[in-house]
2 protein chains.
Amino acid sequence: MNLRYVLKQLGLLLVVLSLLLLAVAAWSGLQLLQDEPAEAGAFRALLIAAVSGLGAGGILWGLTRSTRPQLGRREALLLVALTWLVGAALAALPYLLWVHLPDGPAATHPFNSPVNCYFEAMSGLTTTGATILSDIDALPRSLLLWRAFTQWIGGLGIVVLFVAVLPTLGVGGKRLFQVEAPGPSPEGLQPHIRQTARVLLYIYLVLSATQILAVWLIGRTSLFDAVCHTFTTLATAGFSTRNASIGAYQSRAVEIIIICFMVLGGVNFGLYFALIRGKLKSVWRDPELRTYLGLMVVGSAIIVLCLAGQSITTTTGRPIDASAGAAIRYGVFTTVSIATTTGYCTADFNTWPFLAKAVLILLMFIGGSAGSTAGGIKVIRIWIAFKVMLSEIERVFRPHVVRPVRVGSTTVDDELKLATLAYVVGIVILFVLGSGAVMLLEQWTGDGTCDYTTAASASIASLFTIGPGLAMVGAIENYGWMSSSTKLVLCLLMALGRLEVFAIIVLFTPRFWRGD
Amino acid sequence: MNLRYVLKQLGLLLVVLSLLLLAVAAWSGLQLLQDEPAEAGAFRALLIAAVSGLGAGGILWGLTRSTRPQLGRREALLLVALTWLVGAALAALPYLLWVHLPDGPAATHPFNSPVNCYFEAMSGLTTTGATILSDIDALPRSLLLWRAFTQWIGGLGIVVLFVAVLPTLGVGGKRLFQVEAPGPSPEGLQPHIRQTARVLLYIYLVLSATQILAVWLIGRTSLFDAVCHTFTTLATAGFSTRNASIGAYQSRAVEIIIICFMVLGGVNFGLYFALIRGKLKSVWRDPELRTYLGLMVVGSAIIVLCLAGQSITTTTGRPIDASAGAAIRYGVFTTVSIATTTGYCTADFNTWPFLAKAVLILLMFIGGSAGSTAGGIKVIRIWIAFKVMLSEIERVFRPHVVRPVRVGSTTVDDELKLATLAYVVGIVILFVLGSGAVMLLEQWTGDGTCDYTTAASASIASLFTIGPGLAMVGAIENYGWMSSSTKLVLCLLMALGRLEVFAIIVLFTPRFWRGD
């Protein structure tokens, strides 16, 4: 293991993150000049955090400068894990400094606790969207911007990682990705990481710019709100600048625009490559895309039917009388928000009928497409697992008939089948362990009010980067009341789920560290 | 598909079941002669059921007599499914007739409903042990005997099916079984079904006789109670003749004897073959046996620790003060009862701490050994799945290192790995679907009082042949209050779980019925 090179790259990443922090600090400074006194504390916090990050990254880079560049599989995995674990610490720094510097809020503010700050930052970088804040509106605007920006960075990071970096290194994602892209050779991605990453960045920027304009001009929100929500929509992340999330706008236009971009964020970014090259047909025939869209249509239909005749409570607390229009409006938005693992809310779905909640939980498990910003098990894995199950049933009475499992025109080999099923089993085990850990930690170190539904849905919502869960972590609640140890477990679940388990879990195996 | 031959064999099975019914009817007649008036109704019910069964079986056999004998894979699977589905109907007949004939109980008796009778019979033949009866003590003794006897028959049937029949036919169980038996060639089972089945019957009879004597002479219960509880112990089934289950005896001796025989029932019966041949060493080295015993020891230890300092309520409702002795006594009994999927109760574990319940639920999922009377996913599958997960984690950073997964001295091939993981995923999906169905049916057709814990634990307890669950289907509760549609779903889950899914699920695939 070339640990020095890993640390050097980590230093570089810290410098980049600090520069982005510096940009937000600069914006905060501009606000301060325009006479926004609330920004005084936030500006200093952002500036100090940026400088500290630059310092730490620079020192790390300086100390390890003379290392021969060598990034093998294990180095890459360690770097990925450290990027998210250490990156979240840097991203949390402005929150913590803001409370502890002069001009900050009262010491009772949730950000007074370092664990809360780390939770919020990890929830940002992993695009989860779970918050420990009870009053989001009261946060200085620059901190809201940084909070949203962490999700945009995290979403871009994940897409670049899974579409550009890991396949080239032959780590984990590769085999799955090869299946995703319909016919990998003709529409295959650029061979070099840099070039692929650059194209992905352009796609991400174009989509972001389009959404900002749409939300601002058509949705008629403030430009600030349009920017912040775009950052957290395309990353299918879910942080909002409002306590009532998207429900605060009470605007059909905003909701429709956001639905569209949540759906776009959950699509395999490899398909945008194909689209750029005019391979419309192969995009349209992609089985994962079709299943992804189909699941959302069917899920929405069931949930809308469940809501028929039910009155709905919005996230602002306003009751809406039962009507077909309301059922469609709130049903479809919630379904898409959950299925894409975004986690924006317009209605308190915790009070919805059991069947509606069951469908939402099912969609949480499935998640979006591989190679997208969405979390969950991923549609392609569900698809492969489903086909394997069918072929195993047939094998019971026809053991000698070998029927190849296909995704599009690609045949799934035994290795990939096994990897897919192992992933499904593994993530379910993690979900169960996570639920149990939350339950126990809340009993031992918390206030003991956590029930099964809360524990299980907190575990799902963290592992699959959704954000809100049910019951006491539902749409109109937050995670602030949980004990610090529970929050740290949820942070670990977020990282495990976001990095598709392997980058984190290998760190716990002795063989990974053995030098050979 | 040679449907006629399947029906012929089914006719034969009905005749055999009817003869067993007749034996119980004869015993009931003897009781009647000894002046037990409560037996009058039960005697007639058993007799009429036996005669009806003989008639139906005889007619079926007569109509299909002239069929060429041909039992392929699909015929065998269909026969297995029909045996349990139709067999349960015949086994339910005495209960139903008893209520509806003169001298029977009031029409408010749970057995007044055909669905309740079918549920009780299916719970018997699948060795589940879930009951719809609220007052078990009040049942005529001959019906109690029949109820226990169905479980003994069901347990024997499952062992013969999975150890003798299916491996020879090359259906489902074979591949798994080959792994179980340590070194299949030397200690391999008898090549012919008949011979193997006969040896299994002897083993089953010897174990049964031993337990009857032990419970009767050492445990000092009545001979009737000793026989009934032996029938339901060795089958790891769990029906009792008492409302308070084994807790009714308040006897350490009875509990210890039953613990021993529950453990013996959950062992792969193939190992008893090896034992008979003096292959002590290979039995002792069997990885499944070691893991099975190890899990029970570790599970018991955790649960005993959880119970330290807690007062315990027995199934008779008596509170027991906190003491190390009580924690060990009730903790170990409950752990073994649940881990072997028996479901006897001495204490109301629904009131135990969360961690204790979580461990019990985990043990429910794992279950006993393959080729035993126990249910659950089976220790060997958990073992293989665990090893596959470990090797998949290593594959992330060492894609080219192929490390074979071994069980004992046998290497697990990719096909078996895939089948095992697919089974685990499939059974978890069935558990989730089952829980959802119970929840929805109770909302739509029931009284709407069913909560998540009840629905989920009813689904687990049925699928894994345990019997009691948690909350409203807990140790001191029963399933009588559920709606008929829910009970039918649970019957299906019992059959699915008992026959390891495939025999039932293939019936729902169109390809199974297509004639080729």
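What you see is a predicted model, and the numbers here were worked out from it, not measured in a lab.

Turning our eyes to something else, we now look at the relation of the copies chain A and chain B. After a rotation of 180 degrees and a shift along the axis of 0.0 Å, chain A superposes on chain B with an RMSD of 0.0 Å. What we have between these two chains is a two-fold relation. The residues that chain A uses at the interface reappear at the interface of chain B in 100% of cases, marking a shared surface.

This brings us to the interface of chain A and chain B. The accessible area lost on association of the parts is a frequent measure of interface size. Listed per partner, the contact involves 47 residues of chain A and 47 residues of chain B. A buried area of about 4,100 Å², summed over both sides, lies between chain A and chain B, and 73% of it is on carbon and sulfur atoms. If you sort the residues of chain A by the area they bury against chain B, Phe354(A), Phe397(A) and Leu418(A) come out on top, with a joint share of 18%. Where chain A packs against chain B, one counts 2 salt bridges. The partner of Arg395(B) in a salt bridge is Glu415(A), and the shortest N-O contact between them spans 3.5 Å.

All names here are of chain A. Scanning all chains against the criterion turns up 22 salt bridges over all chains. A salt bridge links glutamate 394 to arginine 403; its shortest N-O distance comes to 2.7 Å. According to the relative accessible area criterion, glutamate 394 is buried, its value standing at 8%. If you follow the salt bridges from partner to partner, you end up with Lys378, Arg381 and Glu500 in one network.

Attention shifts here to helix 5 (residues 141-169) of chain A. Residue and element names in this part refer to chain A. Taking 1.5 Å of rise per residue, the 29 residues of helix 5 would be expected to cover 42 Å, and the 40 Å separating its terminal C-alpha atoms lies within 8% of that figure. At leucine 161, helix 5 shows its largest kink, close to 40 degrees. Within helix 5, 26 of the 29 residues are buried, leaving the element largely enclosed by the surrounding structure.

Residue placement: Glu394(B) occurs in helix 16 (residues 379-397). Among all residues touching Glu394(B), those that are not within four sequence positions of it are Arg511(A), Val401(B) and Arg403(B). In terms of polar contacts, Glu394(B) uses its side chain to reach the side chain of Arg398(B), at 2.7 Å.

Cut-off values and rules
Residues numbered from 1 in each chain as written. Chains lettered and ligands numbered in written order. Predicted model: local features only at pLDDT ≥ 70, side-chain atom pairs only at ≥ 80, totals over all residues. Heavy atoms only, no water. Least-squares fit on C-alpha atoms with pLDDT ≥ 70 in both. Contact = heavy atoms within 4.5 Å. Buried area = accessible area lost by both parts, 1.4 Å probe. Salt bridge = Lys/Arg side-chain N within 4 Å of Asp/Glu carboxyl O. Buried < 20%, exposed > 50% of the residue type's maximum accessible area, 1.4 Å probe, protein only. Helix = DSSP H or I, 4+ residues; strand = E, 2+ residues; numbered from the N terminus. Expected span 1.5 Å × (residues − 1). Bend = angle between axes of the 7 residues up to and from the residue. Polar contact = N/O pair within 3.5 Å; in protein donor to acceptor, adjacent residues only side chain to side chain.

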